[in-house]
Amino acid sequence: MEMRTLHVKINGRDYQVPDGSTILEAASAYANIEIPTLCYLEGISEEGACGVCVVDVKGTRNLPRACLTKVSEGMEIWTNTARVREARKINVELLLANHPTDCFTCERTENCDLRDLASELGVREVEFPRTRTEWLPIDNTSLSLVRDPNKCILCRRCVNVCAKVQSVYAIDIAGRGSNSTVSTFLNEGLGNVECVNCGQCLLVCPTGALTERSEIPDVWKVLGDPDKIVVVETAPAVRVAIGEEFGMPDGTQATGKMAAALRSLGFNKVFDTDFSADLTIMEEGFELIGRIKNGGTLPLITSCSPGWIKFAETFFPGVLDYVSSCKSPQQMFGTVTKTYWAEKMGFDPRKIVVVSVMPCTAKKFEKERPEMKTAFHYWQEKMSLKDEEAFNDVDFVLTTREAARMIREAGIDFANLPDEDFDKPLGESSGAGVIFGATGGVMEAALRTAYEVLTRKSLPRLDFEDVRGLEGMKSATIDIDGTPLRVAIANGLGNARILIEEVQKGESPYQFIEIMTCPGGCLGGGGQPLSNNPDIKKRRAEAIYREDAGKPIRKSHENPEIQEIYKDFLGEPNSEKAHHLLHTTYHDRSGE
Amino acid sequence: MQINLEERLKENPVLRKQFDELDAYIDEKAGQQGSLINVMHRAQEIFGYLPDEVLAYVSTRLQVPRSTVYGVVTFYHFFSRTPKGRHTISVCLGTACYVRGSNSVYDKVTKSLGIKAGETSPDGRYTLDLVRCVGACGLAPVVVIDKDTYGRMTPDKVVTLLNKYV
Ligand code: SF4
Ligand code: SF4
Ligand code: FES
C-alpha cells in the first residue's frame, strides 16, 4: 500500500513524513528531536495525561500534545519555544507539588523518570502548593508488590498495562480530580483482588509508586546466621539480564559472574534453577507423553508461571484440569533441596534456607502458597516435627533487581569478577533448562525430551525454530516420527486468554500449550532490570539461545545429575514419590 | 461472594425483590452503549444507595471489570456508596455563605451529629452533604434539608431546626 506523505516544518526545517504519524514520531524519526514524554507508552498507554510533550504549532492557540496529535499537511511545529519550555516545566511542577520529596530513600532514586525529567527541564523549585491534605496509606496487602499512592502521578500506564496487555483489570482510576487515585475494587488492595502479581505495572511505572515487596533484609539476616545453610538458586532469565544492572551491554551472558558474586555474598551453595527446570521437563514431558498415550485430558497446559496459575484459578477455573500438575522449577528446587539434598548431605532440613533469585514478582506469592510445604510434610513423620514447625520449601525470593542491589551494597565489582561455576549437584543443567527463560522455551525443552522418549530415536535437529521468537502467540505442528503434535504458545495474559477461551469451549485444536504470564516470557518478567532499550527482550532472548547452544548437554534427560536423582531418590518420572514431591494442586478462586 | 448472596436472597424477600428489579432492568439495557451508568442509576433508585455487593453483582452481569465499576461509581458525585438517611442536610459552603460563617454552621452540625460530609448518622436519620451554592445567596448562610431551604442560619438555629426532622 502506498503511504501518503505530508509536508511539515519542524523547527524551521522541511520534512516529508508519513500520513498518520504523531508529532512525537515525526520529530523523532525525521528531525532527530526527542520530545520529552512521561505518561506515553506506545500502543499501550496513550492518554495524554501529563502534558509534558506539548509543542507549539503555528496557527493554534493551545499547545497540542505531541504524543496524541497527528501531523497534517503544511503543519509548522516548534518544539522548543519559550512557551513550550515554560508549559512543560509547569506541568512537571504541578506533578511535583503533591509528590513526596524523600528521593534519597526511594527505591527508584537512580532511575526515576519524573526526577530525570525535572532535572532535564531545569525545574529548580516548585511554586505550587500541595493540594492533597493528607498522605495516602501505602498498599501493603500484596505478597509481591507495594504500592505507594503518594508517589503516583496518575499517568495510567499501570492501569493500561494491566487491562490491555494482561487483561486482568485489577486496577483503575477511582475518585475524581485531585482526589483520584489508582485503586482496586473497593480499594481493597492488590493482595485482596484479582491481581496476579506479574509486576508488569511496576516495569512501566515512571516513579517509585510501585516496587516489589523487598526481602533483602531477611536474606541479609540469614546470611549472617552461622547456624543456617543458605543456598541460592537462580532462574534462567536472570543471568542474561543482571549484567544490565552493572552497566554491561544488553544481552550479556553473565552466568559465571553471577555465580561468583552470589558466592561472595556468602551463600553456602550457589545452585541453579535450571537444574530443576530439567526436572520439570522430565515430569511435564512424561505427563504429556502419558496423556497422549492414555487418552488423557488434552491440551496439556504448562504450569511454571505463577501469574498464569492465579489467572487460571481466578478467571478460568474450568480449565484447571488441563493444567500440568507439575510444580514450577522454583518450587521443585526448594523441595528437592530440603529432601533429596538434605538427605544426601545429612543436613537437618530445618537449617537449610532456600533463597531464589527470580525475574519475577509473582514468585514471591507462589512460595507462600499453603501447599508449598512439601519438604516439611516429607520430614514431619520421620523427624516427628510439630505442626508449628512447618517451613516453606522456598524461604525467600529476590528479584533480579534485588539481587543486584545486594551485590552493589556489598561493594562487589560485578563486571570484573572472574567467572565461576555453580556448585554440584543441584547446579548442573542442560541447555533445555536454560531456554525456560524465553517464551517458547519450555515447549522446546519438553519437545526435545518427549520426541526422544516417544520415538526412541535421537532428534535429528535440536532447535525447534517454529516455537522461538517474541510474538505474543505462536503455533506449530511438530512431526513426532510421523505423528503430528499441534502446539501453541502464548506470552502475556491477554494473549493467553484467547488460547484458553478456546480450551474452555472445548474447541482447542492443540495438544500442548505453553503459557507465560509476561510478554516475552521470563526474560520480560516483572522482576527484571528496568530498561529503556525497546529491543531489550530480543537481546536477552539471543543471549539465552547462545547459552543453550554453548552447553555440552542440551536435553534434560541427558543431564547426569537428573539421571542420578531419579536413580537414587525419585525412581521413575511421574512415580508415586515424584508425584508426591514435585506435583501440586490448584483451587478455584473465582469467588474471591 | 456469589454463593453468599444466593443464600441471603433466599432468606430475604425484600432483597430478592430488589435484585429481581435490577435484573429486569439489566436484561432490558444490557449491551447498550453507556449501560453501566444507567444500570448504576437504576440500582441506586432501587437500593437507595450502592452497596458493595451490588457493585460486584453489576460487574458480573454486565461483564465489566469490577475495578472499572468502582472507578465509575467513585467518579460521579450522584452515586453514593453509603445508605442515605431519612433526611439529607446540605450545608452550603459557596463563597457567599462561607463569608457569612457557614463553616461554623457546618462544624456545629458535624459535632452534634458526629458525622462528616458524605456520611449518615448511625440511627439512619440524617445524611450530611456539602454543597457549593444553591442559588440563594441573598439568604446566606443557607442550609437545605430535604426540599426545604433555610436562610440566615446560625449554629444555634441549626440545632433546633434539625430536631424538627425526625
Ligand atoms: S501485578 Fe500484574 S495483575 Fe497485578 S496490578 Fe500489576 S499488571 Fe495488574
Ligand atoms: S502507579 Fe505509576 S504507572 Fe501507575 S498511574 Fe501511578 S505513576 Fe503511573
Ligand atoms: S507524554 Fe504526551 S501527554 Fe504525557
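Residues numbered from 1 in each chain as written. Chains lettered and ligands numbered in written order. Predicted model: local features only at pLDDT ≥ 70, side-chain atom pairs only at ≥ 80, totals over all residues. Heavy atoms only, no water.

Observations concerning the overall build of chain B
And then number 1: Helix and strand counts for chain B stand at eight helices and four strands.
And then number 2: When the helices and strands of chain B are placed in sequence order, the string is α-α-α-α-α-β-α-α-β-β-β-α.
And then number 3: Taking the principal axes of its C-alpha atoms as reference, chain B extends roughly 50 × 35 × 25 Å.
And then number 4: The contacts of chain B with a sequence gap of at least 6 include a subset with a gap of at least 24, amounting to 62%.
And then number 5: Carbon and sulfur atoms make up 53% of the accessible area of chain B, which totals about 9,100 Å².
And then number 6: Where the 21 positive side-chain charges of chain B centre and where its 18 negative ones centre are 8 Å apart. (Helix = DSSP H or I, 4+ residues; strand = E, 2+ residues; numbered from the N terminus. Contact = heavy atoms within 4.5 Å. Areas by Shrake-Rupley, 256 points an atom, 1.4 Å probe, with all protein chains shown as cover. Lys, Arg positive; Asp, Glu negative; His and termini not counted. Charge placed at Lys NZ, Arg CZ, Asp CG, Glu CD.)

A short note on the packing of helix H3 (residues 35-47) of chain B against helix H4 (residues 52-62) of chain B
All names here are of chain B.
And then number 1: It is the contact of H3 with H4, at a shortest axis distance of 11 Å, that shows an interaxial angle of 140 degrees. Note that H3 runs across H4; the crossing there is right-handed. Contact with H3, carried on its side by Ser 35, Leu 36, Val 39, Met 40, Ala 43 and Phe 47, involves Val 54, Leu 55, Val 58 and Leu 62 of H4 and no other residues of that element.
And then number 2: When the residues that make up the contact of H3 with H4 are grouped by side-chain class, the tally is nine nonpolar, one polar and no charged. (Axes fitted to C-alpha atoms, helices over the stretch in contact; angles between N-to-C directions. Left-handed = near helix turned anticlockwise from the far one by under 90°. Nonpolar A, V, L, I, M, F, W, Y, C, P; charged D, E, K, R; others polar.)

Comments concerning the domain arrangement of chain A
And then number 1: Split into domains, chain A comes out as domain 1 (5-80), domain 2 (128-212) and domain 3 (217-582).
And then number 2: With centres defined by C-alpha atoms, the gap from domain 1 of chain A to domain 3 of chain A works out at 44 Å. (Domains from an automatic or database assignment.)

Brief notes about the pairing of strand S9 (residues 229-234) of chain A
Residues and elements named next belong to chain A.
And then number 1: Among the six residues that make up S9, six are buried, leaving the element largely enclosed by the rest of the structure.
And then number 2: Side chains Ile 229, Val 231 and Glu 233 project from S9 onto one buried face, and the interleaved Val 230, Val 232 and Thr 234 project onto a second face that is buried too.
And then number 3: As paired strands, S9 and strand S12 (residues 352-358) are joined by six bridges and run parallel to one another. Residue Val 232 lies in a different strand from S12, and its bridge partner there is Val 355.
And then number 4: Direction of pairing for S9 relative to strand S10 (residues 269-272): parallel, over a ladder of four bridges. (Buried < 20%, exposed > 50% of the residue type's maximum accessible area, 1.4 Å probe, protein only. Pairing = 2+ DSSP bridges.)

Considering the nonpolar core
All names here are of chain A.
And then number 1: Among the nonpolar cores identified, the biggest contains 68 residues, and Ile 242, Phe 267, Leu 279, Val 355, Phe 414, Ile 565 and Leu 570 are the most heavily contacted of them.
And then number 2: Excluding residues that lie within four positions of it along the chain, Val 355 makes contacts with Val 219, Val 230, Val 231, Val 232, Glu 233, Phe 267, Phe 396 and Leu 398.
And then number 3: If you look at the next biggest cluster of nonpolar residues, it comprises 42 residues, including Cys 201, Phe 311, Val 323 and Cys 518. (Core = buried A, V, L, I, M, F, W, Y, C linked by side-chain atoms within 4.5 Å.)

Examining empty space enclosed by the protein
Residue and element names in this part refer to chain A.
And then number 1: Across all of its chains, the model carries four cavities of 30 Å³ or more by this definition.
And then number 2: The volume enclosed by the largest cavity comes to roughly 270 Å³.
And then number 3: In terms of lining, the largest cavity is formed by 25 residues, of which the most central are Cys 304, Ser 305, Pro 359, Lys 363 and Cys 522.
And then number 4: Of all the secondary-structure elements, those providing two or more residues to the lining of the largest cavity are helix H8 (273-293), helix H9 (306-315), helix H10 (329-345) and helix H11 (362-366).
And then number 5: Of the residues belonging to the lining of the largest cavity, the class tally is 17 nonpolar, seven polar and one charged.
And then number 6: The space that makes up the second largest cavity amounts to roughly 100 Å³.
And then number 7: If you trace the second largest cavity, you find 14 residues lining it, with Cys 162, Cys 195, Cys 198, Gly 199 and Cys 201 closest to the centre. (1 Å grid on protein atoms, 1.4 Å probe; cavity = no way out; pocket = protein on both sides within 12 Å on 5 of 7 lines; lining within 4 Å. Points joined across faces, edges and corners; volume = space filled by probe spheres on them.)

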